[in-house]
Amino acid sequence: MKKICVTGAAGFVAMATIAELIKDGYKVKGTLRNTNQSSQVKTDLEEHLNKTIDIDFIKADLTQDEGWDEAVSGCDAIMHVASPFPAKAPKNSDDILIPAVGGTTRVLNAAAQSGIDRVVMTSSNAAIWFGNFNETHYDESTWSNINHNDIDDYTKSKTLAEKKAWELAEQNQQIKLTSINPSVVWGPGIGNHLKSTSLGFFKMIIKKEMPVVPNMKIPFVDIRDVAKMHVSALKVDDAVGKRFLITNEPAWMINFCNQVRDLGYEAPNKVAPNFMMKLISLVDSSMKPTIPMLGHDYFLNTYQAREILDFDPIPVETAIRDTASYLEKYL
């Protein structure tokens, strides 16, 4: 039985991926910044899977060298899921850039030193399309423009971290790398992930904390699909050396709100004028990256994931309904 090291084991995406690995017969060793979380992570996974599981946890931090050799020891592959994703923009860009890039370097160096040749990395569509607003169709051949004036630290960190991973894989030819690039991840998590940044917008919508929404598109994907694509990438040889965009087709935010209202929630029913969003961005810097997206009609091509990983996304209506039901449990 193969053992997989999953970094950031307490995370929203990581826990779903661990569950999928266990269902598929793999053993798992997870890394945690704080091993006090290990009991809760194990309990939540066991409740989700409805069985007792055997899982190891190792303390390892993206910003520290210690722990990574032990984390990957005895493993056949690594799923590098851990990445900083702050709820608010950090005061210092290095607070997110250094852990993202430095952590990726530590993980891939540990893989190379231990002789592990298979690495699946969780990246993001944030590393694919932002800043290329002169285009309307995007796929894995595109890289976000880190020099765009309105780029946020998260988008920049995901782009730089993934580029660092491909650079290290090129330098260490034995490493067979795949990146999974999901859009905004929604869906029912395992355990309480109410603080997950990726669920923040959805939570605000069903609680009507936003009276209006921007005139922009939002792409999202169900977490269950993201987890399955990680495991599929691990098993499919043709996935080596490739990036995979994992998403549903982007939809205008107001259309998403309409579907949420159909479920009985008082979601926003008005679109904010563009000038209002621009004014808000002058006092709230976190809104600055949304400005070039206003009115931008674009499409994301998932052909490669469908052909190689057999990506067949959960219907949008199902994902929205199940996300709302999941959040209701913890709100």
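Our subject is the structure listed above.
Definitions and limits used
- Residues numbered from 1 in each chain as written.
- Predicted model: local features only at pLDDT ≥ 70, side-chain atom pairs only at ≥ 80, totals over all residues.
- Heavy atoms only, no water.
- Buried < 20%, exposed > 50% of the residue type's maximum accessible area, 1.4 Å probe, protein only.
- Helix = DSSP H or I, 4+ residues; strand = E, 2+ residues; numbered from the N terminus.
- Pairing = 2+ DSSP bridges.
- Expected span 1.5 Å × (residues − 1).
- Polar contact = N/O pair within 3.5 Å; in protein donor to acceptor, adjacent residues only side chain to side chain.
- Core = buried A, V, L, I, M, F, W, Y, C linked by side-chain atoms within 4.5 Å.
- Contact = heavy atoms within 4.5 Å.
- Right-handed = clockwise from strand over helix to strand, strands pointing away.

Colleague: When you look at the pairing of strand β7 (residues 176-182) in this model, what are you seeing that I'm missing?
Modeller: The buried fraction of β7 is high, at six of seven residues. Pairing between strand β5 (residues 118-122) and β7: five bridges, direction parallel. Paired with V120 across the two strands is T178, which belongs to β7. Note: β7 against strand β11 (residues 243-246), four bridges, orientation parallel. Note that in β11 the partner of S179 across the bridge is R243.

Colleague: Any chance you could explain helix α7 (residues 223-235) here in plain terms?
Modeller: Owing to its 3.6 residues per turn, the α-helix aligns residues three or four sequence positions apart on the same side. For α7, which comprises 13 residues, the first-to-last C-alpha distance of 19 Å matches the rise-based estimate of 18 Å (1.5 Å per residue) to within 8%. Most of α7 is tucked away, with 10 of its 13 residues classed as buried. For α7, the set of buried residues is I223, D225, V226, A227, M229, H230, V231, S232, A233 and L234. Measuring from the backbone nitrogen of R224 back to the side-chain oxygen at the start of α7 gives 2.8 Å, which picks out D222 as the cap.

Colleague: So what exactly am I meant to see when it comes to the nonpolar core here?
Modeller: Judged by nonpolar contacts, the single largest core of 78 residues is most densely connected at V6, L21, L45, I205 and F256. Take this core: its biggest share by element is nine residues, from helix α1 (residues 12-23). With residues up to four places along the chain from it excluded, the contact list for F256 reads W186, F201, F202, I205 and I320. A60, A82, A110 and W166 belong to the second-largest nonpolar core, a separate cluster that totals 25 residues.

Colleague: Mind showing me how you'd approach helix α2 (residues 38-49) here?
Modeller: In this model α2 runs 16 Å from its N-terminal to its C-terminal C-alpha over 12 residues, within 8% of the 16 Å that 1.5 Å per residue would give. For α2, the full list of buried residues reads S38, V41, D44, L45, E46 and L49. Considering only its buried residues, α2 is in contact with α1, β2 (27-32) and β3 (55-59). One or two steps after α2, the chain reaches N50, where phi turns positive at roughly 60 degrees.

Colleague: Can you walk me through the pairing of β2 in this structure?
Modeller: On a regular strand, each side chain points to the face opposite its neighbour's, so the side chains alternate between the two faces of the sheet. Burial of β2 is extensive: five of the six residues sit out of reach of the surface. In this fold, the crossover linking strand β1 (residues 3-6) to β2 by way of α1 has right-handed handedness. In this sheet, β3 lies alongside β2 in parallel orientation, the contact comprising five bridges. When the sheet's bridge partners are listed, K29 is paired in β3 with D56.

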